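A structural walkthrough
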Amino acid sequence: MMKKRILIEGNLHEVGYRPFLLGLAEALEIERLFADNIHIINGKQAVEVLIDADDDKVEALLNAIKERRPENARVDEVRVEDYRGHVMRTESYYRYLTAMQLAKIATYGGRMLDKQDMTLEKQDRMLEKQDRMLEKQDRMLEKQDETLKEIRGVKEEVASISSKLDKTNELLESRFERLEQEIERVKRALIKAGIDIP
């Protein structure tokens, strides 16, 4: 049995590198593994890996780290040193990593909701402006109706204005439907992600 600390430097954060390492450990049947994102000198990205396994499994993991990586990851350097501390079981690490990923999803979900709230506020302001425009339009139509009552061809003018209002109402209904669909889609995504929606 061999205990090692592996320090991997490069572009490794937010690219799925730790789940990738967990997958390698599962494939190699490594029973004890822990990996965490760290920052080293000058804020450089790194992942620290602790492993407790048979010599051949440690070597196989090292080879896989040097040869494979997630699509957007970049490995600049791999350093290996002996390690004397405790290394958690891989199945416990799986639970730990899952909890960390769920916390990250919850944080991002909260940010998405904040952005959605801002978008809804903007839409509300736009709808208020539209309401004011419609009020102005209503006042204009009243004046127009008064004038049209005195002019021949009142029916044609009223039909034209009515058509415009129908189109405006259809546009507004369409926008409201799309907004409701988007809200439902976000709710489903949050529920699917395990985020409780009050």
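All of the points below concern the structure found in this document.

Definitions and limits used
- Residues numbered from 1 in each chain as written.
- Predicted model: local features only at pLDDT ≥ 70, side-chain atom pairs only at ≥ 80, totals over all residues.
- Heavy atoms only, no water.
- Phe/Tyr/Trp six-rings, centres within 6.5 Å; stacked < 30°, edge-to-face > 60°.
- Buried < 20%, exposed > 50% of the residue type's maximum accessible area, 1.4 Å probe, protein only.
- Helix = DSSP H or I, 4+ residues; strand = E, 2+ residues; numbered from the N terminus.
- Pairing = 2+ DSSP bridges.
- Axes fitted to C-alpha atoms, helices over the stretch in contact; angles between N-to-C directions.
- Contact = heavy atoms within 4.5 Å.
- Core = buried A, V, L, I, M, F, W, Y, C linked by side-chain atoms within 4.5 Å.
- Expected span 1.5 Å × (residues − 1).
- Arc of directions from axis to C-beta.

**Description of the packing of aromatic side chains**
Going through the model one piece at a time under the given rule, you end up with four aromatic pairs. An aromatic cluster of at least three residues, connected via ring pairs, comprises Phe34, Tyr93 and Tyr96.

**Considering helix α1 (residues 17-27)**
Within α1, burial applies to Tyr17, Arg18, Phe20, Leu21, Leu22, Leu24 and Ala25. Following α1 by one or two positions, Glu29 has its phi on the positive side, about 55 degrees.

**As for the sheet that holds strand β2 (residues 32-40)**
On the basis of which strands lie adjacent, the open sheet formed by four strands has the order β2-β3-β1-β4 and antiparallel pairing. What marks the edges here is a single partner per strand, and that holds for β2 and β4 (74-82). Here the strands of the sheet are splayed against their neighbours by 20 degrees on average, with no regard to which way each runs. The pairing of β2 with strand β3 (residues 44-53) spans nine bridges and is classified as antiparallel. Within the sheet, the bridge partner assigned to Ala35 lies in β3 and is Val49. The sheet contacts of helix α2 (residues 55-67) involve β1 (2-11), β2, β3 and β4, and relative to β1 the element is tilted by about 5 degrees.

**A closer look at the nonpolar core**
Residues Tyr17 and Leu21 are the most contacted members of the largest nonpolar core, which totals 30 residues. Among the secondary structure elements, those contributing two or more residues to this core are β1, α1, β2, β3, α2 and α3 (90-149). Here this core takes six residues from α1, the largest share from any one element. Among residues more than four places away in sequence, those in contact with Leu21 are Leu33, Ala35, Val47, Val49 and Ile65.

**Things to note about α2**
Given a rise of 1.5 Å per residue, 13 residues ought to cover 18 Å, and the 18 Å separating the end C-alpha atoms of α2 matches this to within 8%. Among the residues of α2, those classed as buried are Val58, Leu61, Leu62, Ala64 and Ile65. Buried residues of α2 fall within an arc of 165 degrees about the axis and therefore sit on the same side. Of the exposed residues in α2, the ones pointing more than 90 degrees away from its buried face are Asp56 and Glu67. Structurally, α2 contributes buried residues whose contacts are with β1, α1, β2, β3 and β4.

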